Amino acid sequence: MASLAVNFEELHEPSTEDIAAASTAARAMSRLDRGSPSVSFMPQAVEGETTNVEPISLPMSIFRLIVNMLVEMGNGNAIAIVPVNAELTTQQAADLLNVSRPHLVKLLEQKALDYRMVGTHRKLKAREVLNYRMKTAFARGESLKKMVALDEELGLYDDEPVGSKD
């Protein structure tokens, strides 16, 4: 069983320079995605280094993951990589779900998420937490669609932006 301490408090917003570099790299690297099973590229030698530079070959799934991380950083988002088998504390899981720890504990007591006890502490698999997050996001989207449909049916939905003049 994999165990990994994930400290979301150590995440920091990328700097302006990081955002610009990530955006540039994401655009350049996305041009290498040609739908093949892998991608190979020749990295630049580090300035002042005399060692031979060899081509790098990555499976396309890993390459796309790296590009997606660069895109997120280019959008100003901090990035954390969490192995799906990592065990999270209740605080880490709450941070990942963007809820309070007491709310997460209530969810655990309602058996909305699986966990295991380690002494007096609850441990959650990152996979469980991420699946729950996707499931609730999907449910929110479906509920919103139903609300919009009901508003349209009742004539409450208006295509005009708020504050527009007739």
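All of these numbers come straight from a predicted model, not from anything done at the bench. (Residues numbered from 1 in each chain as written. Predicted model: local features only at pLDDT ≥ 70, side-chain atom pairs only at ≥ 80, totals over all residues. Heavy atoms only, no water.)

Asker: Any chance you could explain the packing of aromatic side chains here in plain terms?
Answerer: Geometrically, a pair of aromatic rings is defined through the distance of the ring centres and the angle of the planes. Under the defined criterion, the tally for this structure stands at zero aromatic pairs. A cation over an aromatic ring shows up here: R122 above the ring of Y115, its NZ or CZ 5.9 Å from the ring centre. (Phe/Tyr/Trp six-rings, centres within 6.5 Å; stacked < 30°, edge-to-face > 60°. Lys NZ or Arg CZ within 6 Å of the ring centre and 35° of its normal.)

Asker: Hey, could you run me through the pairing of strand β5 (residues 121-125) in this one?
Answerer: Along any regular strand the residues' side chains alternate between the sheet's two faces. For strand β3 (residues 87-88) and β5, the ladder comprises two bridges, and the chain directions are antiparallel. Residue pairing across strands places E87 opposite K125, the latter belonging to β5. Hairpin connection, strand β4 (residues 116-118) to β5: the antiparallel pair is bridged by two residues, and G119 has positive phi, about 65°. (Pairing = 2+ DSSP bridges. Helix = DSSP H or I, 4+ residues; strand = E, 2+ residues; numbered from the N terminus.)

Asker: Got a minute to help me understand the sheet that holds β4 in this structure?
Answerer: In a beta sheet, neighbouring strands are held together by backbone hydrogen bonds and run either parallel or antiparallel to one another. In spatial order, the strands read β3-β5-β4; together these three strands make up an open sheet with antiparallel pairing. Two strands close off the open sheet at either side, each with one partner strand: β3 and β4. As judged from the three bridges shared by β4 and β5, these two strands associate in the antiparallel manner. In the strand pairing of β5, R116 is matched with K123. Sitting on the sheet, helix α5 (residues 126-153) is in contact with β3 and β5, with an inclination near 70° to β5. (Contact = heavy atoms within 4.5 Å. Axes fitted to C-alpha atoms, helices over the stretch in contact; angles between N-to-C directions.)

Asker: Could you clarify how one ought to interpret unusual backbone geometry in this entry?
Answerer: Trans peptide bonds make up the majority, and among non-glycine residues the majority have a negative phi. For N98, which is not a glycine, the phi torsion comes out positive at approximately 60°. Residue position: N98 is located in the loop between α3 (90-97) and α4 (101-109). Residue classification places N98 among the exposed residues on the basis of a relative accessible area of 70%. Notably, K111 is not glycine yet its phi reads approximately 65°, a positive angle. Positionally, K111 belongs in the loop between α4 and β4. (Buried < 20%, exposed > 50% of the residue type's maximum accessible area, 1.4 Å probe, protein only.)

Asker: Looking at this model, I keep getting lost on a negative patch on the surface. Mind explaining?
Answerer: Together, D151, E152, D158, D159 and E160 line one region of the surface with negative charge. Among the secondary structure elements, E152 is positioned in helix α5. Assessed through its relative accessible area of 48%, E152 is described here as partly exposed. (Patch = residues over 30% accessible without salt bridge, like charges linked within 9 Å, V, L, I, M, F, W, Y side chains within 5 Å. Areas by Shrake-Rupley, 256 points an atom, 1.4 Å probe, with all protein chains shown as cover. Salt bridge = Lys/Arg side-chain N within 4 Å of Asp/Glu carboxyl O. Lys, Arg positive; Asp, Glu negative; His and termini not counted. Charge placed at Lys NZ, Arg CZ, Asp CG, Glu CD.)

Asker: Looking at this structure, how should I read the nonpolar core?
Answerer: Across soluble globular proteins, nonpolar side chains have a tendency to be buried as a group. Formed by 15 residues in total, the largest nonpolar core has its most connected members in L88, A93, L97, L104, L113, L124 and V129. With four residues, α3 is the largest single contributor of residues to this core. Residues A22, M29, L58 and F63 belong to the second largest nonpolar core, which totals nine residues. (Core = buried A, V, L, I, M, F, W, Y, C linked by side-chain atoms within 4.5 Å.)

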